[in-house]
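Topology and contacts: notes
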Amino acid sequence: MRWTFKQEDHEKEPPALARPLEEAEHWMRDRLSDGQWLALVAETGGEICGHVFLCLVERMPDPYTDNTPVGYVTNFYVTPSQRNKGAGSALLEALKQHSRSSGFDTLIVWPSERSSSLWQRSGFQPPEELLELPLDT
């Protein structure tokens, strides 16, 4: 489903694949099994129709404040046939509930231009303290 999701970013002609599907499957299996990543899925008719991934970002211990983790949200996708039918909202609500019950301090996401309004409708706000340094290679 990740490959389908990314193909939507290249509506005309997708570029050549940078890695085989098996390599990505191995990467995901390793990350999901060690507890650093979590995948939530939505199903309809016994088929997965959406997913969202959450990565635990630990913070350095601090003697004066709590070092509760931050959650990095990524790879949110719902199949076109199930959009605007509640699957995405259910995924986001489950994500927020899980994050609260797990003691996360904040959830962060790097939205695409197309998805920014969705995230804002779900309560995500532009950061006040985040800075970014793109490292062009």
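Describing the nonpolar core
The biggest cluster of nonpolar side chains holds 17 residues, and the ones touching the most others in it are Val52, Val73, Phe76, Leu91, Leu95, Leu107 and Trp119. Listed by contribution, the elements that provide at least two residues to this core are β1 (37-44), β2 (47-57), β3 (70-78), α3 (87-101) and β4 (106-109). Looking at which element gives the most residues to this core, the answer is α3, with four residues.

Things to note about the environment of Met28
Position of Met28 among the secondary structure elements: in helix α2 (residues 21-33). Overall, Met28 belongs to the partly exposed group, its relative accessible area being 21%. As a C-alpha pair, Met28 and Leu38 span 10 residues in sequence and 9.8 Å in three-dimensional space.

Rules behind the numbers
- Residue numbers run consecutively from 1 along every chain, following the written order of its sequence.
- Two thresholds apply to this predicted model, a pLDDT of at least 70 for residue-level local features and 80 or more for giving and counting side-chain atom pairs, whereas whole-chain, interface and lining totals are computed over all residues.
- Side-chain metrics in this entry use all non-hydrogen atoms of the structure; hydrogen atoms and water are not considered.
- To form a nonpolar core, buried Ala, Val, Leu, Ile, Met, Phe, Trp, Tyr and Cys residues must be joined to one another through side-chain atoms within 4.5 Å.
- For every residue, the accessible area obtained with a 1.4 Å probe (protein chains only) is divided by the maximum for its type, and the residue is called buried under 20%, exposed over 50%, and partly exposed between those limits.
- Numbering of helices and strands runs from the N terminus, with a helix taken as a DSSP run of H or I at least four residues long and a strand as a DSSP run of E at least two residues long.

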